[in-house]
Amino acid sequence: MAHDLIIGPDGLARCGWVGDDAEYRRYHDEEWGRPLHGDRALFEKMSLEGFQAGLSWITILRKRPRFREVFAEFVPARVAAFGPGDVETLMQDAGIIRNRSKIEATIGNARLVLDTPEGELDRLMWSFAPSGPRTRPATLADVPAVTAESAAMSAALRKRGFRFVGPTTMYALMQSAGMVDDHLAGCHRAAAPAAAVRHDTTDS
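If you're wondering where the values come from, they're calculated on a predicted model, not measured in any experiment.

1. Digging into unusual backbone geometry
Even without being glycine, Glu 73 reaches a positive phi, approximately 60 degrees. The residue Glu 73 is located in the loop between α3 (57-70) and α4 (76-80) in this model. The backbone phi angle of Phe 164 is positive, close to 60 degrees, even though this residue is not glycine. Here Phe 164 lies in the loop between α8 (148-159) and α9 (167-176). A relative accessible area of 33% means that Phe 164 is categorised as partly exposed.

2. Considering the pattern of salt bridges
Summed over the entire model, instances satisfying the criterion amount to 16 salt bridges. Note that Arg 66 and Asp 93 form a salt bridge whose closest N and O atoms lie 2.5 Å from each other. Of this pair, Arg 66 sits in helix α3 while Asp 93 is found in the loop between α5 (84-91) and α6 (100-114), placing the two residues 27 residues apart along the sequence. Given the relative accessible area of 31%, Arg 66 is considered partly exposed. The class for Asp 93 is buried, based on a relative accessible area of 12%. Ionic pairing is found between Arg 134 and Asp 182, a salt bridge with its closest N-O pair at 3.5 Å.

3. Let's talk about the packing of α5 against α6
Taken N-terminus to C-terminus, the directions of α5 and α6 make an angle of 135 degrees; their axes are 10 Å apart at the nearest point. For the element pair α5 / α6, the angle class is oblique. Crossing handedness for the pair α5 and α6: right-handed. Residues Val 87, Glu 88, Leu 90 and Met 91 of α5 form the contact with α6, whose own contacting residues are Arg 100, Ile 103, Glu 104 and Ile 107. Partitioning the contact of α5 with α6 into residue classes produces 5 nonpolar, no polar and 3 charged.

4. A short note on helix α1 (residues 22-30)
Of all the positions in α1, only Tyr 24, Arg 25, Tyr 27, His 28 and Asp 29 are classed as buried. Residues of α1 that are buried in the fold lie against β2 (13-15), α2 (39-52), α3 and α9. Of the residues that open α1, the one with a side-chain oxygen 2.9 Å from the backbone nitrogen of Glu 23 is Asp 21.

5. Remarks on α9
Given 3.6 residues per turn, any residue in an α-helix points the same way as the ones three and four places further on. Most of α9 sits inside the fold, with 7 of its 10 residues counted as buried. Of all the residues in α9, the buried ones are Thr 169, Met 170, Tyr 171, Leu 173, Met 174, Gln 175 and Ser 176. Elements in contact with the buried residues of α9: α1, α2, α7 (120-126) and α8. Where α9 ends, the next residue or the one after it, Gly 178, has phi of about 75 degrees, a positive value.

6. Quick look at the environment of Leu 48
Along the chain, Leu 48 turns up in helix α2. Spatially, the C-alpha atom of Leu 48 lies 7.0 Å from that of Ile 60, the residues being 12 residues apart in sequence. If sequence neighbours within four positions are ignored, Leu 48 has contacts with Trp 57, Ile 60, Arg 64, Phe 67 and Phe 74.

Quick notes on the rules
Residues numbered from 1 in each chain as written. Predicted model: local features only at pLDDT ≥ 70, side-chain atom pairs only at ≥ 80, totals over all residues. Heavy atoms only, no water. Helix = DSSP H or I, 4+ residues; strand = E, 2+ residues; numbered from the N terminus. Buried < 20%, exposed > 50% of the residue type's maximum accessible area, 1.4 Å probe, protein only. Salt bridge = Lys/Arg side-chain N within 4 Å of Asp/Glu carboxyl O. Axes fitted to C-alpha atoms, helices over the stretch in contact; angles between N-to-C directions. Parallel < 35°, antiparallel > 145°, perpendicular 65-115°, else oblique. Left-handed = near helix turned anticlockwise from the far one by under 90°. Contact = heavy atoms within 4.5 Å. Nonpolar A, V, L, I, M, F, W, Y, C, P; charged D, E, K, R; others polar. Polar contact = N/O pair within 3.5 Å; in protein donor to acceptor, adjacent residues only side chain to side chain.

Treat this as a map of the structure, not an account of what it does.
Pasting the structure below:
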């Protein structure tokens, strides 16, 4: 069982889920909980969180470079053009998660993103970010797996036809994309000033 906080080799306290993995430390410090914007970036995040369902995030993180390579950097227009032959090629690629339903959902979701006005996915997803102050979790047990906001986001996306966007998956996305800040009290990132919002302009 992970400790609530763990002290890294650099002497910094981090959320205990990081463990002693160097890549997890980098991800925790540089990405997790930082505001992420842009249809392409959020489509990538949605896709990878969907592939993560039932697996550990570190598995996806280690495979992310290959995912980006074979899914055309998650540019919606390029992924939307994938056909049955591409699906079969992806099913033979050991560098990713070879799950046919998730691969096909990623392609279908890209087509939905492409069919919406530019910036619409960003606006929709960020509309579910909680407003007002939140109590910072003190322990890992205080971090929820699902919230009313993530359930509402899931319902809105499902209504539009998106797949692999369940409430738990969407809460993980909200955490990683900075829609909520679940760094534990005492974590060095909890004390850090808010980072500049990241924008992704390669949406098409």
